[in-house]
Amino acid sequence: MGSTGRSIQVEGIAHKAPIPLASRVGPLLCSSGIAGKDAAGNLPQDPAEQTRLAFANLEKVLAAAGASLRHVAKLTVYVRDDDVRDAINEQWRRCFPDPADRPARHILVYALQHGMAIQLEFIAFVQD
C-alpha cells in the first residue's frame with residue numbers, strides 16, 4: 001500500500017481487471033475476490049490445492065495491508081461445488097485454531113468463472 005493510496009495489491013495474485021485485491025480506509029479493510037492461484041498466477045485444477053492457495057493468498061493480502069488473520073472479522077467463501085468443504089475446514093482450522101477466537105464465516109455455492117473452485121472475500125478491522 002502506498003503512503004497515500006488505499007489499494008492493496010500482491011504480485012502474482014493480482015486481478016487482471018483494474019481492481020485492487022483489497023482496499024483499506026482507516027481501520028476498515030475489505031477484499032475483492034481472492035482466488036487459489038499460485039505465485040506465477042496459475043490456477044491449479046485440484047480444488048483442494050486451490051483452497052490451500054486461496055487461504056495462503058488471504059494471508060498475503062492481509063500482510064500487504066499491514067494486517068494478519070487476527071484482524072479478520074468475517075470471511076465469505078464462494079465455492080463452485082460444496083465438495084470442497086472438507087478442504088476449507090482444514091485450512092480454516094489451520095488459520096483459526098482457537099474455536100473461541102474465530103471470525104464469522106459464510107459459505108455460498110456460486111457459479112465461479114475461469115475454472116475457480118473457490119474464492120474468498122474478507123472484512124477486517126485493523127487498528128494501528
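The present account deals with the structure reproduced in this document. These numbers were taken from a predicted model, which means no experiment stands behind them. (Residues numbered from 1 in each chain as written. Predicted model: local features only at pLDDT ≥ 70, side-chain atom pairs only at ≥ 80, totals over all residues. Heavy atoms only, no water.)

1. Digging into helix 2 (residues 85-95)
1) Next: When we look at burial in helix 2, the residues that qualify are Ala87, Ile88, Asn89, Gln91, Trp92 and Cys95.
2) Next: Where helix 2 is buried, its residues meet helix 1 (47-64), strand 5 (72-79), strand 6 (104-109) and strand 7 (118-125). (Buried < 20%, exposed > 50% of the residue type's maximum accessible area, 1.4 Å probe, protein only. Helix = DSSP H or I, 4+ residues; strand = E, 2+ residues; numbered from the N terminus. Contact = heavy atoms within 4.5 Å.)

2. Quick word on the pattern of salt bridges
1) Next: Inspection of every chain in the model, using the stated rule, returns three salt bridges.
2) Next: For Glu49, the salt bridge identified is with Arg52, shortest N-O distance 2.7 Å. Residue Glu49 and its partner Arg52 are both found in helix 1; the two are separated by three residues, about one turn of the helix.
3) Next: In this structure, Arg94 engages Glu59 in a salt bridge whose closest nitrogen and oxygen atoms are separated by 3.0 Å. Pair noted here: Arg94 is in helix 2 and Glu59 is in helix 1, with a separation of 35 residues, a long-range link.
4) Next: In this structure Arg94 comes out as partly exposed when scored by relative accessible area, which is 44%.
5) Next: When its relative accessible area of 29% is taken as the criterion, Glu59 is described as partly exposed. (Salt bridge = Lys/Arg side-chain N within 4 Å of Asp/Glu carboxyl O.)

3. Considerations on a negative patch on the surface
1) Next: Residues Asp81, Asp83, Asp86 and Glu90 make up a contiguous surface patch of negative charge.
2) Next: In this fold, Asp81 is placed in the loop between strand 5 and helix 2.
3) Next: In this structure Asp81 comes out as partly exposed when scored by relative accessible area, which is 40%. (Patch = residues over 30% accessible without salt bridge, like charges linked within 9 Å, V, L, I, M, F, W, Y side chains within 5 Å. Areas by Shrake-Rupley, 256 points an atom, 1.4 Å probe, with all protein chains shown as cover. Lys, Arg positive; Asp, Glu negative; His and termini not counted. Charge placed at Lys NZ, Arg CZ, Asp CG, Glu CD.)

4. A few points about the side chain of Arg24
1) Next: Within the secondary structure, Arg24 sits in strand 2 (residues 22-25).
2) Next: A distance of 2.9 Å separates the side chain of Arg24 from the backbone oxygen of Gly26, its partner in a polar contact.
3) Next: There is a polar contact of 3.0 Å between the side chain of Arg24 and the backbone oxygen of Ala65. (Polar contact = N/O pair within 3.5 Å; in protein donor to acceptor, adjacent residues only side chain to side chain.)

5. What to know about the packing of helix 1 against helix 2
Two quantities define a packed helix pair, namely the angle between the helix axes and the distance between the axes.
1) Next: Closest axis-to-axis distance for the helix 1/helix 2 pair is 9 Å, and the angle between their directions is 30°. With respect to each other, helix 1 and helix 2 are oriented roughly parallel. In the packing of helix 1 onto helix 2, the handedness of the crossing is right-handed. Facing Ala48, Thr51, Arg52, Phe55, Ala56 and Glu59 of helix 1, the residues of helix 2 in contact are Ala87, Ile88, Gln91, Trp92, Arg94 and Cys95.
2) Next: For the contact of helix 1 with helix 2, a count of residues per class yields seven nonpolar, two polar and three charged. (Axes fitted to C-alpha atoms, helices over the stretch in contact; angles between N-to-C directions. Parallel < 35°, antiparallel > 145°, perpendicular 65-115°, else oblique. Left-handed = near helix turned anticlockwise from the far one by under 90°. Nonpolar A, V, L, I, M, F, W, Y, C, P; charged D, E, K, R; others polar.)

6. Considering the environment of Val109
1) Next: Mapping Val109 onto the fold places it in strand 6.
2) Next: For Val109, a relative accessible area of 56% corresponds to the exposed category.
3) Next: The spacing of Val109 and Arg80 is 29 residues in sequence and 5.6 Å in space, taken between C-alpha atoms.
4) Next: Val109 has contacts with Val79, Arg80 and Asp82, leaving out every residue within four places of it along the chain.

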